[in-house]
Amino acid sequence: MNQPAPNLSQLKVVRDHNRAFEEYLYVYPVISRRSRGLSLGVNLNPDKRCNFDCIYCEVDRRTPPRTTVLDVPRMREELRDLVRRVRRGELAGLGRFAEAADLTRDIKDIAFSGDGEPTMIPNFCECVQAVVEVKLAEGLAHTKIVLITDAAGLDKADVRRGLELMDQHQGEIWGKLDAGTEAYYRLVNRSPVQFARILKNLLETARVRPIVIQSLFLRVHGEVMPEAELLAYCQRLQELVQQGAQIKEVHAYTVARPTPEPFATALTAGELEAIAQTIRARTGLVVHTFP
Ligand code: SF4
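So, how was this worked out
Residues numbered from 1 in each chain as written. Predicted model: local features only at pLDDT ≥ 70, side-chain atom pairs only at ≥ 80, totals over all residues. Near = placed C-beta within 6 Å. Nonpolar A, V, L, I, M, F, W, Y, C, P; charged D, E, K, R; others polar. Pairing = 2+ DSSP bridges. Helix = DSSP H or I, 4+ residues; strand = E, 2+ residues; numbered from the N terminus. Axes fitted to C-alpha atoms, helices over the stretch in contact; angles between N-to-C directions. Contact = placed C-beta atoms within 7 Å. Core = buried A, V, L, I, M, F, W, Y, C linked by C-beta atoms within 7 Å. Buried ≥ 20, exposed ≤ 12 C-beta atoms within 10 Å, placed from the backbone. Parallel < 35°, antiparallel > 145°, perpendicular 65-115°, else oblique. Left-handed = near helix turned anticlockwise from the far one by under 90°.

## Here we look at the site of the ligand
Next up, step 1: The environment of the ligand is made up of C50, F52, D53, C54, C57, V59, G116, E117 and D150.
Next up, step 2: When its residues are assigned to classes, the shell around the ligand shows 5 nonpolar, 1 polar and 3 charged.

Put into structure tokens, the structure is as follows:
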């Protein structure tokens, strides 16, 4: 049974997913609505590279990266250090976390997320191994490891090995699906990767273990997703399920932070809920909204 998401929307800190945290290069704490509390982010793309170019992307690519190198031993040490600081209750005393002090001691998950697409790196499995080591050494055996991904690299051999390792350690994959057609996918995600490959990767990944589908809905030039596109999106989900994909739930969310394209804007809570209702009615899937 899925627990309803606590209402964290009123907190300013949930809008602040700043990935520059003190002297750390790779890890950062956030209060995340979709994680329902404290999530420790692991940025595997300090160089800010991505194979998507979403019109709503929140990554600040105007500011030069602090490093372009992924140093796995340092990432492991930073994560270990951050976990220990959380345990000592230090986050609660830091300015932006004060309003959510009671959420800052319980690590809901460790999430591969960041300034680009985690599956693009050549050593994803090694990074999963590093996080697993910290989890086990620090007594976080039951803490989830989340991979937030655009799904383009889920078919790579090294990534598949990493996913198998995640499966053994409370792994959960949140795969992006923002469109129902190639045309809308190109409009919103602007990726050179074929839409069919994204769908195939989601299918093959979800045949092996249940996954979460994460979908951002927005206004593009003032227009919400056209009805035909929403029905096509629902159809893609139905096809995935019919072909054997296990979809645990759908996260429907909208723009929460400044976008690189001024024509990409947020939906209202009502508009997002109306979309969620259509998805539930058409697919029978559990849909949580995060306006
Ligand atoms: S997949 Fe994520 S990081 Fe990449 S462009 Fe889209 S929103 Fe940005």
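Continuing now.
## Looking at the sheet that holds strand β1 (residues 27-32)
Next up, step 1: Read across the open sheet, the 8 strands follow the order β1-β2-β3-β4-β5-β6-β8-β10; overall the sheet is mixed. Each end of this open sheet is capped by a strand with a single partner; those strands are β1 and β10 (287-290). Looking at each pair of strands side by side, their axes are set apart by 25 degrees on average, direction ignored.
Next up, step 2: Inspection of the sheet shows strand β4 (residues 144-149) paired to strand β5 (residues 171-176) by 5 bridges, in the parallel sense. Across the sheet, T149 pairs through a bridge with G175, a residue of β5.
Next up, step 3: The strands that helix α1 (residues 72-87) touches are β1, β2 (37-42) and β3 (107-112); relative to β1, the one it contacts most, it runs at about 45 degrees.

## Side note on the nonpolar core
Next up, step 1: Grouped together as the largest cluster of nonpolar side chains are 74 residues, with contacts concentrated most on V42, L79 and V131.
Next up, step 2: For this core, the element with the highest residue contribution is helix α2 (residues 124-137), accounting for 8 residues.
Next up, step 3: If near-sequence neighbours (up to four positions away) are discounted, L79 is found in contact with V27, L40, V42, V131 and V134.

## Some remarks on the packing of helix α6 (residues 227-242) against helix α7 (residues 269-283)
Next up, step 1: Where α6 contacts α7, the two axes come as close as 10 Å, and the packing angle between them is 40 degrees. Overall, the two elements α6 and α7 adopt an arrangement that is oblique. Viewed along their axes, α6 and α7 form a crossing whose handedness is right-handed. Together, L230, C234, L237 and Q238 of α6 and I275, T278, I279, R282 and T283 of α7 make up the contact between the two elements.
Next up, step 2: Of the residues belonging to the contact of α6 with α7, the class tally is 5 nonpolar, 3 polar and 1 charged.

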